[in-house]
Amino acid sequence: MTNPRQLAFIALKEVHKGAYADVALDRVLQKFKLLDNDRRLMTELVYGSVRRQRTLDTIIDQLATKKTQQQPKDLRTILHLGFYQLRYQERIPVSAAVNTTVELAKENGFPGLTGFVNGLLRQYLRVAEKSSEPLNLPENPVERLGILHSFPNWIIEVWLSQLGFEETEKLCIWMNQTPTIDLRVNILRSSLEEVESAFESAGVLVKRIPHLPQALRFIGNTGAIQNLPGFHEGWWTVQDSSAQLVGYLLDPQPDDVVIDVCAAPGGKTTHIAELMGDKGKIWACDQTASRLRKLKENAQRLHLQSIEICTGDSRNLPQFYQTADCVLLDAPCSGLGTMHRHADARWRQTPTSVKELSQLQKELLSHNANFVKTGGVLVYATCTLHPTENEEVISEFLAANPHWQIESHSFDLLNSAAPGWLKVWPHQQDMDGFFMVRLRKTNNYE
């Protein structure tokens, strides 16, 4: 089977049964070999249909007599695929989008409803001809942005409270883009110029990222990452530019003892080793052994010797008390800064899950602070944009621990809302959403 739309339908059925979108997609792609163009189309249809789910449901609700939730699940999935192509895929001819969707209905248990599917899609096209926005959008700003850009109301509310309407809309638009891929050059094995030159010879386009001395961003399609020049030689590794900022904020020095308490899969751990010239000791801790294996593979490929693996929950590692010059707590979080990379994250997280994560983050910070020597540094980082997981965690910790203080940073690419902590807003800096803060342990116990 090589029909990308049929395969997208199969993957989406798995997603609607609870599978993660990337896992469902990967499973189907492994089973069926597709040409590159078909593979890209299938990927776009799966991620796009999941990402735009609320908007697509609203279209069905406004056009059909039966509401979305009353439609058979598989029919709803087929309609999502059709409407996604009509609304968001300008390169796909209208006739192709309509005809292939009707065909999907016929081949997947709805031969009697092909007229309904055809009629509904064409009804949308007629409305779109008369109006630049075929949807009836409510005046309420939360509902309006939520329906138009396909986010749950609670996420829109979190952003509106921090950014206001115009900036929130820009952030929504950014989060619905296809994500870019950034890499970090391993300065111990190569240089920015050498990697650029190797890519140029292979016809792969990249550009530099301002203020990040080891970063390049791919432009356009790259094919399989591991087939690109320099990968097997350990010249570079994939890491988003926001995540690279964390290593610079930690600023580890050669011969330091560093503990990365939630290290897997190791992007930040290996960056720390490179920044230290691979001199010193980095303890890479995580409670998932399989993810630590991935970290070990990455470290070996990059030829890094200073990383030691430690499997376990960092809340229960008393052997590390008072041993570290630097600790990195890249805390488990809701990932609301990276929703463009994880199509279904916006539907999986809830205000309740954010509260639970915040509790875990506070526990981890409280325990892991014990690892730092007096005078040492701890960097707390998340890839979320929710104050409950960021500013509130830090404020509560500082209130309870007067011998810790925020240390200011010197990044010139970010306008920090408060002295010391950094919040990367994706639509302003064109990189993943991140929060990070550098804390110094003093001997001031007042």
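Going by the structure above, here's the rest.
Just so it is clear, the structure is predicted and the values come from calculations on it, not from any experiment.

Enquirer: So, the packing of aromatic side chains: which residues are in play, and what are the values?
Expert: The tally for this structure, following the rule as stated, stands at 13 aromatic pairs. Between the aromatic rings of Phe199 and Trp236, the centroid separation amounts to 5.7 Å while the plane-to-plane angle is 65°, which identifies the pairing as edge-to-face. Placement of the pair is Phe199 in helix 11 (residues 192-201) and Trp236 in strand 4 (residues 236-238), with a sequence separation of 37 residues. Given a relative accessible area of 0%, Trp236 falls into the buried group. Taken together, a centroid distance of 6.1 Å and an interplanar angle of 45° make the contact between Tyr321 and Phe371 tilted. In this pair, Tyr321 is assigned in the loop between strand 7 (307-311) and strand 8 (324-330) and Phe371 in the loop between helix 16 (351-368) and strand 9 (372-382), connecting sequence segments 50 residues apart. Relative accessible area serves as the criterion here: at 0%, Phe371 is assigned to the buried category.

Enquirer: So what's going on with the sheet that holds strand 4? Which residues, and what values?
Expert: The four strands are arranged 2-3-1-4 in an open sheet whose pairing can be described as antiparallel. Among the strands making up the open sheet, the edge pair consists of strand 2 (206-208) and strand 4. Neighbour-to-neighbour, the strand axes of the sheet open up by a mean angle of 30°, direction not taken into account. In the sheet, strand 1 (residues 182-185) pairs with strand 3 (residues 215-218) via three bridges, with the strands oriented antiparallel. Residue pairing for strand 3: Arg184 is matched across the bridge by Ala215.

Enquirer: Please set out the side chain of His427 residue by residue, giving values where relevant.
Expert: As for its placement among the helices and strands, His427 is situated in helix 18 (residues 426-429). Among the residues examined, His427 registers a relative accessible area of 17% and is labelled buried. Polar side-chain contacts of His427 include one of 2.8 Å to the side chain of Glu167. Not counting chain neighbours up to four residues away, the residues in contact with His427 comprise Leu163, Glu167, Lys170, Leu171 and Trp174.

Enquirer: Explain the pairing of strand 8 to me, and be specific about the residues and the numbers.
Expert: Burial analysis of strand 8 places six of its seven residues in the buried class, which makes it a mostly covered element. Both strand 5 (residues 257-260) and strand 8 contribute to a ladder of three bridges, which runs parallel. Bridging from a neighbouring strand, Val258 pairs with Cys326 of strand 8. Pairing analysis gives six bridges linking strand 8 to strand 9, with the strands arranged parallel.

Enquirer: Report on the nonpolar core, specifying residues and quantitative values.
Expert: What tends to happen in soluble globular proteins is that the nonpolar side chains get buried as a cluster. Membership of the largest hydrophobic core comes to 48 residues, with the highest contact counts inside it found for Met42, Phe83 and Leu86. Breaking this core down by element, the ones donating at least two residues are helix 1 (4-16), helix 2 (21-31), helix 3 (36-51), helix 4 (53-63), helix 5 (73-88), helix 6 (94-107), helix 7 (114-130) and helix 8 (141-149). Examining the composition of this core, we find that seven residues originate from one element, helix 5, more than from any other. By size, the runner-up hydrophobic cluster in this structure holds 35 residues, among which are Leu212, Ala299, Leu422 and Phe434.

What counts and how
Residues numbered from 1 in each chain as written. Predicted model: local features only at pLDDT ≥ 70, side-chain atom pairs only at ≥ 80, totals over all residues. Heavy atoms only, no water. Phe/Tyr/Trp six-rings, centres within 6.5 Å; stacked < 30°, edge-to-face > 60°. Helix = DSSP H or I, 4+ residues; strand = E, 2+ residues; numbered from the N terminus. Buried < 20%, exposed > 50% of the residue type's maximum accessible area, 1.4 Å probe, protein only. Pairing = 2+ DSSP bridges. Axes fitted to C-alpha atoms, helices over the stretch in contact; angles between N-to-C directions. Polar contact = N/O pair within 3.5 Å; in protein donor to acceptor, adjacent residues only side chain to side chain. Contact = heavy atoms within 4.5 Å. Core = buried A, V, L, I, M, F, W, Y, C linked by side-chain atoms within 4.5 Å.

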